[in-house]
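Residue-level listing of the chains:
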Amino acid sequence: MNYKTLFLCSLVGFVLFKEANCLNKRCIKCRSRGELGSCGDPFPFNVTEPEAEVGIHVVACPSGWCGKSYEGNIGALKNDDYGAATERMCLQRPPSDYEERCAYTMWSHRKVYMCFCNGDLCNSSYKNVAVPSVILVTISILLYNICYS
């Protein structure tokens with residue numbers, strides 16, 4: 001068996017799988033009020049197991065843009081946030097300038113503080129850090145040259 005061919009085929013297959021998997025973007029979808037809800041910050045749930053918590057859903061997002069909005073009385077005092085609501089969602093279309101940011105905006109005829117982000121599950125508290133394919137290929141080629149030379 002030719003190990004060089006097997007190694008290169010495995011490497012190409014892995015890179016293609018990784019690239020195809022990155023095309024599927026998902027967002028967290030939930031809504032809660034006050035401290036008792038499961039959607040607020042900090043968001044303590046593992047996004048790879050969303051079914052563990054009622055009301056937390058991972059949804060496919062064709063636009064690739066997720067959002068998180070805060071609405072209501074978000075104050076410095078603990079008793080101020082009774083009416084505060086946190087919502088995480090998939091956006092139907094990206095912001096007009098395609099910039100990730102947080103700002104006050106109008107949403108459903110109400111002024112809310114909203115954050116926009118682009119990426120897989122980016123509206124959870126935890127960032128999924130993916131290794132860029134170029135770095136992965138470079139490291140693999142180096143390992144290949146070291147092992148098979």
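Just so it is clear, the structure is predicted and the values come from calculations on it, not from any experiment. (Residues numbered from 1 in each chain as written. Predicted model: local features only at pLDDT ≥ 70, side-chain atom pairs only at ≥ 80, totals over all residues. Heavy atoms only, no water.)

Student: Help me out: how do you make sense of the state of the cysteines in this one?
Tutor: What makes a disulfide is a covalent bond joining the sulfur atoms belonging to two cysteines. Inspection of every chain in the model, using the stated rule, returns five disulfides. Two residues, Cys102 and Cys115, share a disulfide whose sulfurs are 2.0 Å apart. Handedness here is read from the sign of the S-S torsion; for Cys102 and Cys115, about 110 degrees, the answer is right-handed. Taken as a pair, Cys102 in strand β5 (residues 101-107) and Cys115 in strand β6 (residues 110-118) lie far apart in primary sequence, 13 residues in all. Taking the relative accessible area as the measure of exposure, Cys102 reaches 40% and is therefore partly exposed. The buried category is assigned to Cys115, whose relative accessible area is 13%. Taken N- to C-terminal, the disulfide-bonded cysteines of the protein chain are connected 1-5, 2-3, 4-6, 7-8, 9-10. (Disulfide = S-S within 2.5 Å. Helix = DSSP H or I, 4+ residues; strand = E, 2+ residues; numbered from the N terminus. Buried < 20%, exposed > 50% of the residue type's maximum accessible area, 1.4 Å probe, protein only.)

Student: Looking at this structure, I do not really get the sheet that holds β5. What am I missing?
Tutor: Within a sheet, neighbouring strands are paired by backbone hydrogen bonds and run either parallel or antiparallel to one another. If you walk across this open sheet you meet the six strands as β2-β1-β4-β3-β6-β5, and the pairing is antiparallel. Both edges of this open sheet fall to β2 (57-60) and β5, since each of them pairs with a single strand only. Pairwise comparison of adjacent strand axes, ignoring direction, gives a mean angle of 30 degrees for this sheet. Direction of pairing for strand β1 (residues 26-33) relative to strand β4 (residues 85-90): antiparallel, over a ladder of four bridges. Bridged to Cys30 within β4 is Arg88. (Pairing = 2+ DSSP bridges. Axes fitted to C-alpha atoms, helices over the stretch in contact; angles between N-to-C directions.)

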